[in-house]
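# Coordinate analysis (summary)
One-letter residues, chain by chain:
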Amino acid sequence: MRYSQVVAPRTSEVATAPVRDPERDEVQVEVVACGVCASELHPWAEGQPRRLGHEPVGIVRAVGVEAERFREGDRVTGLFIEAFADICLVKEERLLPVPTGLPDESALGEPLACLVNAQRRTPVDLADRVAIVGLGYMGLGMLQLLKLRGPRQIVAIDIREDTRARALTLGADEAYHPEHLPADFRLTTFRDWQRDRGFDVVIEAAGAGPALTLAGELVRAHGVLSIVGFHQGGLREIDVGMWNWKAIDVVNAHVRRQADLLESMRIGLDLTAKGLIDLGSLVTHQYSLEDVDRAYGDLQNKAPGF
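So, here's what we can say about the structure.

How each quantity is defined
Residues numbered from 1 in each chain as written. Predicted model: local features only at pLDDT ≥ 70, side-chain atom pairs only at ≥ 80, totals over all residues. Heavy atoms only, no water. Helix = DSSP H or I, 4+ residues; strand = E, 2+ residues; numbered from the N terminus. Rg over C-alpha atoms; globule rule 2.2 N^0.38 Å. Buried < 20%, exposed > 50% of the residue type's maximum accessible area, 1.4 Å probe, protein only. Contact = heavy atoms within 4.5 Å. Axes fitted to C-alpha atoms, helices over the stretch in contact; angles between N-to-C directions. Parallel < 35°, antiparallel > 145°, perpendicular 65-115°, else oblique. Nonpolar A, V, L, I, M, F, W, Y, C, P; charged D, E, K, R; others polar. 1 Å grid on protein atoms, 1.4 Å probe; cavity = no way out; pocket = protein on both sides within 12 Å on 5 of 7 lines; lining within 4 Å. Points joined across faces, edges and corners; volume = space filled by probe spheres on them. Salt bridge = Lys/Arg side-chain N within 4 Å of Asp/Glu carboxyl O.

### Focus on the overall build of the protein chain
Along the backbone of the protein chain there are nine helices and 13 strands. Relative to the globule expectation of 19 Å for 306 residues, the C-alpha radius of gyration of the protein chain, 20 Å, shows essentially globular dimensions. Dimensions of the protein chain along its principal axes, counting C-alpha atoms only, are 65 × 40 × 30 Å. Across the 306 residues of the protein chain, 50% fall into the buried class. Considering only intrachain contacts with a sequence separation of at least 6, the fraction spanning at least 24 residues in the protein chain is 68%.

Structure follows, in structure tokens:
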């Protein structure tokens with residue numbers, strides 16, 4: 001089989017290795033597609049020797065003697081590692097079936113699980129005012145899930161014009177560049193915090209320091225700030241005093257428990273199969289295994305329409 005591995009900063013190579021038979025509780029999966037995740041940008045850029053890829057969908061090719069839930073030919077997704085490869089071996093307990101008829105690009109289980117889990121951890125009530133800061137794949141995915149909760153207003157914020165336009169087509173009520181926000185959206189003084197203004201819930205989905213700062217300014221007193229973005233590459237500086245005075249709830253929308261992620265993945269696949277969300281529509285670029293470096297470069301540089 002072929003697999004991609006990082007060998008130097010911003011440099012990967014495709015190598016080959018024999019295909020191992022599955023152990024008793026393992027499933028051998030032929031990878032059909034695998035998402036490119038921003039959480040792996042820094043390991044790729046820093047050149048840590050490793051294999052990347054953890055957002056695949058694939059087809060079962062063999063099962064261990066104790067693996068009873070799947071058989072050859074089943075389409076599956078789940079919690080994988082080292083999935084930029086032709087073949088992966090995965091514990092059966094980490095897999096879920098892909099609903100019949102679902103396109104591969106709509107069945108990437110891991111990011112779907114992260115999004116559904118983030119929505120489940122973030123309290124959004126009917127008629128809330130919600131803002132989303134950061135409109136990449138995860139931000140636009142959260143927008144689709146938020147629409148199911150019945151907020152009265154969703155404001156989408158990003159520096160890129162194309163993603164703001166996409167947010168409007170997906171149901172955002174308004175979309176802004178951060179520098180063009182209405183002045184009364186930012187609540188940065190004690191007098192601001194005492195007024196009945198601001199967003200009930202603010203989703204930070206950019207994973208960047210300026211986005212986190214802005215999200216803290218937008219949330220109302222006693223509101224909720226949900227950190228969905230994956231923050232890496234250094235420390236973040238925040239105005240904790242403002243957060244104190246506003247008395248906001250800060251939600252870390254991430255989870256590492258396998259059972260929680262698999263349950264969120266199951267819910268997400270069900271919502272997708274019913275046509276309530278469509279993350280496949282957010283897939284804009286496709287690459288071969290030999291083009292992993294170009295894929296991460298585009299992810300980092302935000303190629304037009306990415």
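Back to the write-up after that little detour.
### Considerations on the packing of helix H2 (residues 109-121) against helix H8 (residues 258-273)
Two numbers describe how H2 lies on H8: the axes approach to 7 Å, and their chain directions differ by 100°. As the angle between them shows, H2 and H8 are arranged roughly perpendicular. Each of Gly 109, Glu 110, Leu 112, Ala 113, Val 116, Asn 117 and Arg 120 in H2 lies in contact with H8, whose residues at this interface are Asp 260, Leu 261, Glu 263, Ser 264, Met 265, Ile 267, Gly 268, Leu 269 and Thr 272. Partitioned by chemical class, the residues of the contact of H2 with H8 number seven nonpolar, five polar and four charged.

### What to know about the layout of surface pockets
When its volume is computed, the second largest pocket comes out at roughly 180 Å³. In the lining of the second largest pocket, the residues fall into seven nonpolar, no polar and three charged.

### Description of unusual backbone geometry
Here the phi dihedral of His 222 falls at roughly 65°; this positive angle occurs in a residue that is not glycine. With respect to the secondary-structure elements, His 222 resides in strand E12 (residues 219-227). At Ala 247, a residue that is not glycine, the phi angle is positive and equals roughly 55°. Its place among the elements puts Ala 247 in the loop between helix H7 (240-246) and strand E13 (249-252). Residue classification places Ala 247 among the partly exposed residues on the basis of a relative accessible area of 32%.

### Regarding the pattern of salt bridges
If you walk through the whole model with that rule in mind, you get 16 salt bridges. Arg 2 is the partner of Asp 86 in a salt bridge, and the nearest nitrogen-oxygen pair spans 3.2 Å. Highlighted residues: Asp 86 in the loop between strand E5 (75-78) and strand E6 (87-91) and Arg 2 in strand E1 (residues 2-8), separated in sequence by 84 residues. Assessed through its relative accessible area of 23%, Asp 86 is described here as partly exposed. For Arg 2, a relative accessible area of 31% corresponds to the partly exposed category. The salt bridge involving Glu 82 is made with Arg 51; its shortest N-O contact spans 3.6 Å. In this pair, Glu 82 sits in the loop between E5 and E6 while Arg 51 sits in the loop between helix H1 (41-46) and strand E4 (56-63), placing the two residues 31 residues apart along the sequence.

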